[in-house]
Amino acid sequence: MKTLLAYLKGYKKESILAPLFKMLEASFELFVPLVMAAIIDVGIANQDKPYIVKMCFVLIALGIIGLVCSITAQYFAAKAATGVGTGIRHGLFEHIQKFTFTEMDQLGTSTLITRMTSDINQIQSGVNLVLRLFLRSPFIVFGAMIMAFTVDVKAALVFVVTIPLLSLIVFGIMLVTMPMYKKVQADLDQVLLTTRENLTGARVIRAFNKEEDETKRFENANQILTDAQKYVGRISGMMNPLTYIIVNGAVVVLLYTGAIRVDQGIITTGAVVALVNYMNQILLALVVVANLVVIFTKSAACAARVNEVLDTKPSVTETDSTEENGDSSAPAVKFDKVYFSYHDNSEYALEDISFTAEKGQTIGIIGGTGSGKSTLINLIPRFYDASDGLVEVYGTDVRKYSLNRLRKKIAVVPQKAVLFSGTIRENMKWGGDNITDEQIWRALKISQAYEFVEKLENGLDYKILQGGKNLSGGQKQRLTIARAIAADPEILILDDSASALDFATDAKLRTAIKENCSDMTVFIISQRANTVKNADQIIVLDDGKTVGIGTHKELLQSCTDYCQICLTQFSAEELEKEINGDE
Ligand code: ADP
Ligand code: MG
């Protein structure tokens, strides 16, 4: 809460002026019943027309001044609220950018989207409402009571009994519903998660005829949300009837005792009308408080959720030694007894990994799905930090680089090709704004994307749609490889990036990288033995452990796991030949 309140600091003036003008408006409103009483007791009683007209003008004046004050308050409140909303949105976005994969996994994309959007909107309307009404309503309630005392002390005792009773109901319901609104918000998260998963997986769902199951799954989540909302709605809904009963009961008492006392000549008719008016003002103020309480509890729940994200500290942090640039004569990448687990105390996804990749070498990494290949390469650019052991780039612990500098050296082509909406040129320039068209075309040639890009009507200006929907899987993969090469990194990591390419293109790609990027250290991850066969070193992973390191030939002789992979992919004769060394 404290962190969020800090965003209000920039709007000190507005946060003071908004409630101030609102209270000013309320003060004028409190005078209205007195003027009414005067019209009845003086104007009507004495049949004094000019007095009545004069007092009517006073009423209109009070109304106009009140309106002006109210609009001014609204202006300041809206300004502060939108400002706070924008500030939080900014801060949250910036904070999320610092997250590593660990925090992203932990919080989940759809949760983050809800917090960025609907949660912050709720906070914004909360701030707006609180600024305008938080002080106004109690001010009216107590102001009306005090005014009632000035009118008639005995009748005002009704107010003294009514107000605590009303407050008890309002605050009691608030306390009960507060945690329930938190649950509603969490249920809403679940609905959004289901929706998001459904929409992103629409093609698969159609392919498997899963529409009905999906609809059921959505209905379930939606029903849970509805039930929770209904439940809390029922409790909140009691607020209005209960408060109305009490207030109207009080009005009956006021009128009954008032009538008797008017008869006895103790108070005037105008005074009774004024008292009833004050009671109604209190009722209206409390109705507002009731709504305010609902919105405020929701906003507070949302604020807590936003805070939770803001309080999540990125697990990969930068050191101050931004000067560190590594020793270019040292091995490009070195793992020394590296262990890694995704969550504290959970099983190791990587165990005791040690290897050295010399500068300019091509390193193949092979292993079944889930063997830890992607996990291993994610440690090099510090997408995750090793749980134990040392990961070095150019002889320096990766944790000693600034993230910027470290990641500038490394380009990763992730398993899943991700492109952003925009032209091909814009996508190719992710590695740096000064990348020229010439460099882009060169990268496209190496990645075997040249031919299809050249055929496109507007070449580099071809517009890629969101998520690269208007490209095939293989085209996307080749473009992501080109994007990495265009950045001219020292270390290039291809995480199963050729999986959608045919064998011939895959081979051409590897030859082109070898020929054109001879001083790049290249990591090629694949499940195909053919793809890693010619690497200087091949690391064979099984269940997070290295079961073999060496060249293709060495491994064929020494590593049974590697032989097994090869056996499923090459013919026996081919292998025989390779083992015997005559190709
Ligand atoms: P590969 O790339 O070889 O197919 P991964 O490195 O992706 O395998 O996964 C290795 C192991 O780590 C698997 O058992 C997988 O379930 C687990 N794993 C991968 N990513 C995560 C993650 N984000 N959170 C938790 N566990 C993960
Ligand atoms: Mg993988």
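Residues numbered from 1 in each chain as written. Chains lettered and ligands numbered in written order. Predicted model: local features only at pLDDT ≥ 70, side-chain atom pairs only at ≥ 80, totals over all residues. Heavy atoms only, no water.

**Looking at the overall build of the protein**
Here is step 1: Check the secondary structure of the protein and you find 22 helices and 12 strands.
Here is step 2: Taken against the 2.2 N^0.38 rule, which gives 25 Å for 583 residues, the C-alpha radius of gyration of the protein at 36 Å runs more than 25% over that of a compact globule.
Here is step 3: Judged by the C-alpha coordinates and their principal axes, the protein covers about 125 × 45 × 45 Å.
Here is step 4: Within the protein, the proportion of its 583 residues that are buried is 47%.
Here is step 5: The long-range share in the protein, meaning contacts at least 24 apart out of those at least 6 apart in sequence, stands at 75%.
Here is step 6: Looking at the protein as shown, the accessible area adds up to about 29800 Å², and 58% of this sits on carbon and sulfur atoms.
Here is step 7: Averaged over its 58 positive side-chain charges, the protein has a centre that lies 9 Å from the centre of its 64 negative ones. (Helix = DSSP H or I, 4+ residues; strand = E, 2+ residues; numbered from the N terminus. Rg over C-alpha atoms; globule rule 2.2 N^0.38 Å. Buried < 20%, exposed > 50% of the residue type's maximum accessible area, 1.4 Å probe, protein only. Contact = heavy atoms within 4.5 Å. Areas by Shrake-Rupley, 256 points an atom, 1.4 Å probe, with all protein chains shown as cover. Lys, Arg positive; Asp, Glu negative; His and termini not counted. Charge placed at Lys NZ, Arg CZ, Asp CG, Glu CD.)

**Regarding the packing of helix H6 (residues 136-151) against helix H11 (residues 269-311)**
Here is step 1: Relative to each other, H6 and H11 sit at 165°, their axes nearing to 9 Å. With respect to H11, the axis of H6 lies roughly antiparallel. Once H6 is placed against H11, the crossing between them reads as left-handed. Two secondary-structure elements touch here, H6 through Ser-137, Ile-140, Val-141, Ala-144, Met-147, Ala-148 and Val-151 and H11 through Ala-271, Leu-275, Tyr-278, Gln-281, Ile-282, Ala-285, Leu-286, Val-288 and Val-289. (Axes fitted to C-alpha atoms, helices over the stretch in contact; angles between N-to-C directions. Parallel < 35°, antiparallel > 145°, perpendicular 65-115°, else oblique. Left-handed = near helix turned anticlockwise from the far one by under 90°.)

**Section: the site of ligand 1**
Here is step 1: Neighbouring residues of ligand 1: Asp-105, Tyr-342, Ala-349, Gly-368, Thr-369, Gly-370, Ser-371, Gly-372, Lys-373, Ser-374, Thr-375 and Tyr-384.
Here is step 2: Interatomic distance of 2.8 Å between a side-chain N/O atom of Asp-105 and a nitrogen atom of ligand 1.
Here is step 3: Protein contact buries 62% of the 560 Å² of open area that ligand 1 shows by itself.
Here is step 4: Sorting elements by how many residues they give to the shell around ligand 1 places helix H12 (residues 373-378) first, with 3 residues.
Here is step 5: Split into classes, the residues belonging to the shell around ligand 1 amount to 3 nonpolar, 7 polar and 2 charged. (Near = heavy atom within 4 Å. Polar contact = N/O pair within 3.5 Å; in protein donor to acceptor, adjacent residues only side chain to side chain. Nonpolar A, V, L, I, M, F, W, Y, C, P; charged D, E, K, R; others polar.)

**Description of the environment of Ile-245**
Here is step 1: Along the chain, Ile-245 falls in helix H10 (residues 239-263).
Here is step 2: For Ile-245, a relative accessible area of 59% gives the class exposed.
Here is step 3: Taking C-alpha positions, Ile-245 is 29 Å from Leu-24, a pair spaced 221 residues apart along the chain.

**Focus: the coordination of the magnesium ion (ligand 2)**
Here is step 1: In the first shell of the magnesium ion (ligand 2), the protein supplies Ser-374 (OG) and Gln-415 (OE1), at 1.9 to 2.4 Å from the metal. Placement of Ser-374 in helix H12 and of Gln-415 in the loop between strand S6 (410-413) and strand S7 (422-423) is noted, with a sequence separation of 41 residues between them. (Donors = N, O, S within 2.8 Å, 3.2 Å for Na, K, Ca; no water.)

**Brief notes about empty space enclosed by the protein**
Here is step 1: Within the structure shown, the criterion is met by 2 cavities of 30 Å³ or more.
Here is step 2: Its boundaries defined by the atoms lining it, the largest cavity holds a volume of some 70 Å³.
Here is step 3: As for the largest cavity, its lining consists of Leu-379, Arg-382, Tyr-384, Asp-385, Ala-386, Gly-389, Leu-390, Val-391, Asp-397, Val-398 and Arg-399.
Here is step 4: When residues of the lining of the largest cavity are assigned to their parent elements, the largest contribution, 3 residues, is made by strand S4 (residues 388-393).
Here is step 5: As a volume, the second largest cavity reaches approximately 30 Å³.
Here is step 6: Taken together, Ala-155, Leu-254, Thr-257, Gly-258, Arg-261, Ile-267, Val-272 and Leu-275 make up the full set of residues lining the second largest cavity.
Here is step 7: Counting residues per element, the ones that place at least two in the lining of the second largest cavity are H10 and H11.
Here is step 8: Looking at which element gives the most residues to the lining of the second largest cavity, the answer is H10, with 4 residues.
Here is step 9: Of the residues contributing to the lining of the second largest cavity, the split by class is 5 nonpolar, 2 polar and 1 charged. (1 Å grid on protein atoms, 1.4 Å probe; cavity = no way out; pocket = protein on both sides within 12 Å on 5 of 7 lines; lining within 4 Å. Points joined across faces, edges and corners; volume = space filled by probe spheres on them.)

**Some words on a nonpolar patch on the surface**
Here is step 1: Taken together, Val-53, Phe-57, Ile-60, Ile-64 and Val-68 make up a surface patch of nonpolar side chains, about 490 Å² in accessible area.
Here is step 2: Mapped onto the elements of the fold, Val-68 is located in helix H3 (residues 49-97). (Patch = residues over 30% accessible without salt bridge, like charges linked within 9 Å, V, L, I, M, F, W, Y side chains within 5 Å. Salt bridge = Lys/Arg side-chain N within 4 Å of Asp/Glu carboxyl O.)

**Some thoughts on the packing of helix H2 (residues 12-44) against H3**
Here is step 1: Relative orientation of the contacting elements H2 and H3 amounts to 165°, with a least axis distance of 8 Å. Taken together, the axes of H2 and H3 are roughly antiparallel relative to one another. Between H2 and H3 lies a crossing whose hand is left-handed.
Here is step 2: Its residues placed into classes, the contact of H2 with H3 shows 26 nonpolar, 4 polar and 4 charged.

**A short note on the nonpolar core**
Here is step 1: The biggest cluster of nonpolar side chains holds 50 residues, and the ones touching the most others in it are Ile-424, Leu-444, Val-453, Leu-479, Leu-492, Ile-513 and Tyr-562.
Here is step 2: Ranked by the residues each element gives to this core, the list is headed by helix H17 (residues 473-486), at 6 residues.
Here is step 3: Apart from the residues lying within four places of it in its own chain, the contact partners of Leu-492 are Ala-411, Val-413, Ala-484, Ile-485, Ile-513, Met-520, Thr-521, Val-522 and Phe-523. (Core = buried A, V, L, I, M, F, W, Y, C linked by side-chain atoms within 4.5 Å.)

**Details of the pattern of salt bridges**
Here is step 1: Scanning the model with the defined rule gives 19 salt bridges in all.
Here is step 2: For Asp-119, the salt bridge is made with Arg-305, and the minimal N-O distance between the two is 2.9 Å. Placement of the pair is Asp-119 in helix H5 (residues 109-133) and Arg-305 in helix H11, with a sequence separation of 186 residues.
Here is step 3: Accessibility expressed as a relative area gives 0% for Asp-119, which makes it buried.
Here is step 4: Looking at Arg-305, the relative accessible area reads 9%, which means it is buried.

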